[in-house]
Amino acid sequence: MSVRDLLVMATPVPSLNDKYVVVTGAAGGIGRATALEAARRGARVIVTDINAEQLASTVAEIGSAGGMVAHSEAGDVTDIDWVRAFAARVESEHGVVDVLCNVAGVSAWGTVENLTHETWKKMVDINLMGPIHFIECFVPGMVRRGQGGHLVNVSSAAGLMALPWHSAYSASKFGIRGVSEVLRFDLRRHGIGVSLVCPGAVATPLVGTVDIAGVDRENPRIKAAIRHFEKRAVSPETAANALLAGVTKNRFLVYTSTDIRFGYWMSRKFALPYEIAMRVANDRFDRLARLSAVESSTSRRTG
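This is a predicted model, so every value here is computed, not measured. (Residues numbered from 1 in each chain as written. Predicted model: local features only at pLDDT ≥ 70, side-chain atom pairs only at ≥ 80, totals over all residues. Heavy atoms only, no water.)

**Student:** Looking at this structure, I do not really get the pairing of strand β1 (residues 20-24). What am I missing?
**Tutor:** The two faces of the sheet receive side chains in turn, since in a regular strand these alternate between them. Within β1, five of the five residues are buried, which leaves the element mostly enclosed by the surrounding structure. The side-chain alternation of β1 yields two buried faces, one formed by Tyr20, Val22 and Thr24 and the other by Val21 and Val23. Relative to strand β2 (residues 44-49), β1 runs parallel, the two sharing five bridges. From the neighbouring strand, Val23 faces β2, where its bridge partner is Val47. With helix α2 (residues 29-40) bridging β1 and the parallel β2, this β-α-β connection has right-handed handedness. Alignment of β1 against strand β4 (residues 99-102), held across three bridges, turns out to be parallel. The residue bridging Val23 from the neighbouring strand is Cys101, located in β4. (Buried < 20%, exposed > 50% of the residue type's maximum accessible area, 1.4 Å probe, protein only. Helix = DSSP H or I, 4+ residues; strand = E, 2+ residues; numbered from the N terminus. Pairing = 2+ DSSP bridges. Right-handed = clockwise from strand over helix to strand, strands pointing away.)

So this is what it looks like as structure tokens:
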């Protein structure tokens with residue numbers, strides 16, 4: 001490898017026009033917005049989600065906007081046999097894809113004494129093994145073809161920083177971060193770019209339905225905290241545009257908001273202030289949980 005090759009990599013997919021782009025989790029949130037925007041930019045999108053009805057809605061919206069859906073199929077990213085069959089059908093009908101966007105994911109928060117084994121397993125099965133299944137089944141084809149491509153994995157701010165109550169979620173999101181960083185170097189020699197998208201707050205249905213173990217979501221204090229979180233959230237469209245810019249500009253770390261960029265920079269450059277900030281945040285979360293538990297208990301006794 002030459003010195004130039006060590007320093008410079010040509011952008012593998014500078015334009016999405018006429019490219020085959022796979023998007024998982026395309027029924028809603030960032031996945032839906034990504035599929036819509038990729039189609040608007042001329043991509044031939046291949047979409048999947050476990051929710052068949054909402055996936056059909058995405059397909060219809062793309063079609064009504066004049067976009068191209070090359071293939072649509074509902075399925076479970078945790079089922080490796082289904083993913084293998086899906087990938088085989090896609091390659092048989094359309095050849096090797098150009099871009100793979102692993103967007104599908106779920107979230108759950110909670111302290112370790114409240115998290116169940118099922119929650120830990122669900123986070124890892126969907127958020128980590130789901131993308132790995134698609135990487136297994138789609139990326140080797142890009143390597144064999146020898147014409148480059150791009151892989152996108154959606155992690156989270158919780159894949160960069162130690163956010164309170166996020167241990168199970170972070171297990172999966174730090175995991176996909178590690179996979180992505182290794183593949184960034186492994187796939188470079190094949191002309192395949194890798195992007196790791198790390199959203200902070202995004203205004204998707206996931207925010208309103210996230211499972212918080214051991215916490216009463218109906219408590220006014222918890223509702224107020226969630227509303228505060230939602231006020232800081234960017235739109236799915238903003239996140240999708242950042243994701244696709246990561247592809248067309250061949251960026252590895254992709255942020256959807258400046259607060260996460262700053263927080264991650266601080267965690268690397270100022271270790272002690274970062275630790276203090278995380279301790280303060282954790283203390284505030286703990287105090288909120290204890291106050292809401294007392295209030296909810298009092299409400300049940302007097303109700």
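Next comes the rest of the write-up.
**Student:** How do you make sense of the pairing of strand β6 (residues 149-154) when you look at a structure like this?
**Tutor:** The element β6 is extensively covered by neighbouring structure, given that six of its six residues are classed as buried. Of the two faces of β6, both are covered, the one formed by Gly149, Leu151 and Asn153 as well as the one formed by His150, Val152 and Val154. Sheet topology places β4 next to β6; four bridges connect them, and they run parallel. If you follow Cys101 over to β6, its bridge partner there is Val152. Pairing of β6 with strand β7 (residues 192-198), which is carried by six bridges, proceeds in the parallel orientation.

**Student:** What's the story with unusual backbone geometry in this structure? I'm lost.
**Tutor:** Glycine aside, residues mostly have negative phi, and peptide bonds are mostly found in the trans state. Despite not being glycine, Asp18 shows a phi value in the positive range, around 65°. Within the secondary structure, Asp18 is located in the loop between α1 (3-7) and β1.

**Student:** Where do I start with the packing of aromatic side chains in this structure?
**Tutor:** Ring pairs (aromatic) are described by centroid distance and by the angle formed between their planes. For the coordinates displayed, the defined rule picks out seven aromatic pairs. Between the aromatic rings of Trp82 and Phe134, the centroid separation amounts to 6.4 Å while the plane-to-plane angle is 55°, which identifies the pairing as tilted. With Trp82 in helix α4 (residues 80-94) and Phe134 in helix α5 (residues 117-145), the pair connects residues that are 52 residues apart, well separated along the chain. For the ring pair Trp265 and Phe270, a centre distance of 5.3 Å and an interplane angle of 70° mean the geometry is edge-to-face. One aromatic cluster is present, built from ring pairs that chain together Trp82, Phe86, Phe134 and Phe138. Directly above the ring of Tyr264 sits Arg268, whose terminal nitrogen or CZ lies 4.3 Å from the centroid. (Phe/Tyr/Trp six-rings, centres within 6.5 Å; stacked < 30°, edge-to-face > 60°. Lys NZ or Arg CZ within 6 Å of the ring centre and 35° of its normal.)

**Student:** Please explain the pattern of salt bridges as it appears in this structure.
**Tutor:** Pairs may arise between side chains of opposite charge once their charged atoms sit close together. Applying the stated rule across the entire model yields nine salt bridges. We note a salt bridge from Arg84 to Asp81, for which the minimum N-O separation is 3.6 Å. Within this pair, Arg84 and its partner Asp81 are both found in helix α4, separated by three residues, close to a single helical turn. Classification of Asp81 by relative accessible area gives exposed; the value is 54%. With a shortest N-O distance of 2.7 Å, Asp125 and Lys121 are connected by a salt bridge. Separated by four residues within a single helix, Asp125 and Lys121 lie in helix α5, roughly one turn from each other. Classification of Asp125 by relative accessible area gives partly exposed; the value is 25%. The partly exposed category is assigned to Lys121, whose relative accessible area is 45%. Each of Glu37, Arg40 and Arg41 takes part in salt bridges that share partners, so that together they form one network. (Salt bridge = Lys/Arg side-chain N within 4 Å of Asp/Glu carboxyl O.)

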